[in-house]
Amino acid sequence: MITFKEKVMKNKIFRLALILLLAGWAPLAQAAGKLRVVATVPDLVDITRRIGADLAEVQGLARGPEDIHQVVMKPSFVTRLNKADAVVYLGLSVEHSFLPGLLEVARNPKARRNADTFGCLGPGCIDCSEGVNVMEKPETLSRAEGELHPQGNPHYNLDPQEGPRMARLIAAGLARLDPEHAADYERNLKAYLSELEPRIAEWKRLAAALHGFKAVSFHKDVAYLGRFTGIDFVDTVELKPGIAPTPTHLEQLVKKMKGQGVKLIVREQQYDAKVCEWLAEKTGAGIAVIGTMANALPDSETFEKFSERNLKALLEAAGKRGP
Amino acid sequence: MRQTLSTWLLLLPMAAAAQTEPASGVPSLLKRLEDRVAKLEGAPAKTSLSAFNPALGLLLDLAYTHGDGQRDSRSRFRFRTAELNIEAPIDPFLKGWAVVNANPDEVEVEEAALETTSLPYNLTVRGGRLFAAFGRMGHFHDDEIPVVDRPRSLDTFIGGEARADGVELSYLFPTDLYLNATAGLYNKVGGENGRADNAVSRPLDHFTYLGRLSTYLDLGDDHSVELGASVAWTPKRFVMDTSVPGDADGDGFPGDGENTSAGIETKKNTWRTLGGVDLTYRWHPTKGGKYQGMVWGTEVFQNDERRFAPATKLPTDRVKAYAGYSYVWLKVGPRWRPGVMVDLSEDLDEARKLTRTFSGFVTYDFSEFHRLRLVYSHQMNNVPGNQHANIVSLQWTGILGHHVHGFRDR
Ligand SMILES: [Zn+2]
């Protein structure tokens, strides 16, 4: 015999279960009508949000402070990619540690793994490396040279001047996937560029103070930063790309820095601080801590803030006045 | 050379255009040319990574092992494996891969499988010889487990790697919560599982059926938990008693014109279930994750089956036995990864017999593709007059060519 109270209880429990079940599906319904976009790094999340505005729901994968070469594949990334209409990524195999593996299991016909390029294959893919002036293309592909990026240096997001190109590609990509709102994306792009481009001109002017300045970086990822600032990067703290420094290499590096008068060490924030401090002590060089993705350092969550913060760090460490 | 040529090809039409333009157009023309040449120079290297050829990788695994038992102590060098990995997309709907393992005794196919890449409704079908989706470490290749030799619980309960010939269907739930379900049908599960032979045919109720459900929770940005439950069920099994002449026609007169090599066959009550739950906790700090981190992995298995005397193959009792391992693996600095592991394994025939293995291990990564690993294990069991053993292994591993850590090998 079930009492009335019990009935109510059962009903309540049943309803609660139903609500919980539906909650799992709710985000699906919520996003309906909006373009669901997954961007691999915070820089691209920011730019895509600016261009997609309220027409796109943008989710990121890497959060910023990670080493982009070693981003951990989380199953929660799989569910995001599974439902994505578009995948915005840097390309040139910089996301090789996580994007191909995730796309492989995400079962999204719009964005599948491209076995040939470590990138994305399908109508939903927006590759932001299209048209980039690629630097440091390797002459040989041998692992004796360390962990090379086979298509050339992919860290172009360190050059603020690549921002407008990335933004245009994203706008074109969104318009292709959602032609109904092409005019909106174009308008948002214009608004974004009218804000970004004057800043880039200003940074370029400030960077002139760094021209010809000799520096070493931890990883070989600063070619584009060198191109923008005119800093002459003569060596890396790492022995070879992806290979931690050995004592012999560090000794030689100290000699080289002293010999060439290198007064700046650029440490990408994800790399070991101690080695750089030791090196600074030995050589009297200043240390600039930079991010290789937006949000790598505090208060750098947008592409604009990220570019500005990096430049500021370089100017300060080089003893010049920042923006 | 080719670049010079293409530059000239580019120059020609533009030079023609320049003739029609007034003189003031020349500097802008030069600018345009410069831009176009720069674009050519800056185009990504056209080194297609595989160009229709499959991606190839070869893993070399060498070890030196010293065993210190009750009675003697011995060492040896072990050429453990040269493991060839071949992988490529086949067409827009399918990919395929093979893993061929060459060790001093034999060359064997570890995996040779096809997998769909574009089925609708979040479904994926895999078939061939593959590592069944049972548990977690069972479907890791030897080089991906944290120690040199596979934990005893996996060796005795699964039968080494969860290698299986068969098909699997998996489904990813379209929810925000990661939820994955897998169903499988195989000849048997376990590379060293001697209960059935891949080379003989069998009725449907002698196959092994698998079900697995796994989920994942982010605990903030830096912590996560993965949970899984698996069941491998084999409804029936043939076991021949080879000590007695056979009575295949069942007329009560064994050996009357029958194949006398066949003995008494036991069919009743031969079902087996192997169940497992697995839990993986990870600490992967978003900031500083290059130099620190932690994985805590645990699996527990239950084996429920009717056992047979090893010599006579005569049926004995149904035994429910448990086994499992748990390990903690740290990342300290860019190169060092130390850890500890405990393995507790009951005897499949006699659950009261328990073997305990305590291991300490450390991995030194020279690079992503080159590492050294040192493992010390102390093993003991609770049999009267019990045996203790100490085992030390030093392993040296290198990978040539292509190597991907897939999502499944995390
Ligand atoms: Zn890099």
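Residues numbered from 1 in each chain as written. Chains lettered and ligands numbered in written order. Predicted model: local features only at pLDDT ≥ 70, side-chain atom pairs only at ≥ 80, totals over all residues. Heavy atoms only, no water.

> What's the story with the interface of chain B and chain A in this structure? I'm lost.
For an interface, size is often stated in terms of accessible area lost upon the parts coming together. Taken together, the 53 residues of chain B in the interface contact 48 residues of chain A. Here chain B and chain A share an interface that buries about 4300 Å² over both sides, 53% of which is from carbon and sulfur atoms. As a salt-bridge pair, B:E87 and A:R113 come within 3.1 Å of each other at their nearest N and O atoms. Counting across the chain B and chain A interface gives 19 residue pairs in polar contact (both at pLDDT 80 or more). Where the side of chain B that touches chain A is concerned, the elements lending two or more residues are α2 (25-42), β2 (73-91), β5 (123-131), β6 (163-172), β7 (178-189), β8 (208-219), β16 (354-367) and β18 (388-401) of chain B. Ranked by residue count, the leading element in the side of chain B that touches chain A is α2(B), at four residues. (Contact = heavy atoms within 4.5 Å. Buried area = accessible area lost by both parts, 1.4 Å probe. Salt bridge = Lys/Arg side-chain N within 4 Å of Asp/Glu carboxyl O. Polar contact = N/O pair within 3.5 Å; in protein donor to acceptor, adjacent residues only side chain to side chain. Helix = DSSP H or I, 4+ residues; strand = E, 2+ residues; numbered from the N terminus.)

> What is the right way to read the packing of helix α2 (residues 42-52) of chain A against helix α6 (residues 182-207) of chain A from this model?
Think of two packed helices as two axes; the pair is described by the angle between the axes and how far apart they sit. Residue and element names in this part refer to chain A. It is at 7 Å that the axes of α2 and α6 come closest, and there the two elements cross at 125°. It follows from the interaxial angle that α2 and α6 lie oblique. Residue-level contacts link D46, I47, R50, I51 and G52 of α2 to Y185, N188, L189, Y192 and E195 of α6. For the contact of α2 with α6, the per-class residue count stands at five nonpolar, two polar and three charged. (Axes fitted to C-alpha atoms, helices over the stretch in contact; angles between N-to-C directions. Parallel < 35°, antiparallel > 145°, perpendicular 65-115°, else oblique. Nonpolar A, V, L, I, M, F, W, Y, C, P; charged D, E, K, R; others polar.)

> Got a minute to help me understand the coordination of the zinc ion in this structure?
Around a metal, the ideal angle is 109.5 degrees if four donors adopt a tetrahedral arrangement and 90 or 180 degrees if six donors adopt an octahedral arrangement. Residue and element names in this part refer to chain A. Taken together, H69 (NE2), H149 (NE2), H155 (NE2) and H219 (NE2) make up the protein donors of the zinc ion, found 2.1 to 2.7 Å from the metal. Geometry at the zinc ion is tetrahedral, judged from the four donor atoms that bind it and their angles of 91 to 135° at the metal. All donors to the zinc ion come from one chain, and their sequence spacing reads H-x79-H-x5-H-x63-H. Of this pair, H155 sits in the loop between β6 (125-127) and α5 (163-177) while H219 sits in the loop between β7 (214-217) and α7 (223-229), and the two are 64 residues apart along the sequence. The same class applies to H155 as to H219, namely buried. (Donors = N, O, S within 2.8 Å, 3.2 Å for Na, K, Ca; no water. Tetrahedral: all angles 85-135°; square planar, octahedral: opposite > 155°, others 65-115°. Buried < 20%, exposed > 50% of the residue type's maximum accessible area, 1.4 Å probe, protein only.)

> Would you mind showing me how to read the state of the cysteines here?
Disulfides are covalent bonds that link the sulfur atoms of two cysteine residues. Residue and element names in this part refer to chain A. Counted under the stated rule, the structure contains one disulfide over all chains. Put simply, C120 and C125 are joined by a disulfide, and their sulfur atoms are 2.0 Å apart. Measuring handedness by torsion sign, the sulfur bridge of C120 and C125 sits at about -70° and is left-handed. In this structure C120 comes out as buried when scored by relative accessible area, which is 7%. Counting only cysteine sulfurs, C120 is the nearest neighbor of C128, a cysteine outside any disulfide, at a range of 11 Å. (Disulfide = S-S within 2.5 Å.)

> Can you help me understand the side chain of A:R113 in this one?
Relative to the assigned elements, A:R113 resides in strand β4 (residues 112-114). Under the relative-accessibility criterion, A:R113 is labelled buried at 17%. At 2.8 Å, the side chain of A:R113 and the side chain of A:E104 are in polar contact. Engagement of the side chain of A:R113 in a polar contact is seen with the side chain of B:E87, the distance being 3.1 Å. In contact with A:R113, not counting residues within four places along its chain, are A:P100, A:L103, A:E104, A:G119, A:L121 and B:E87.

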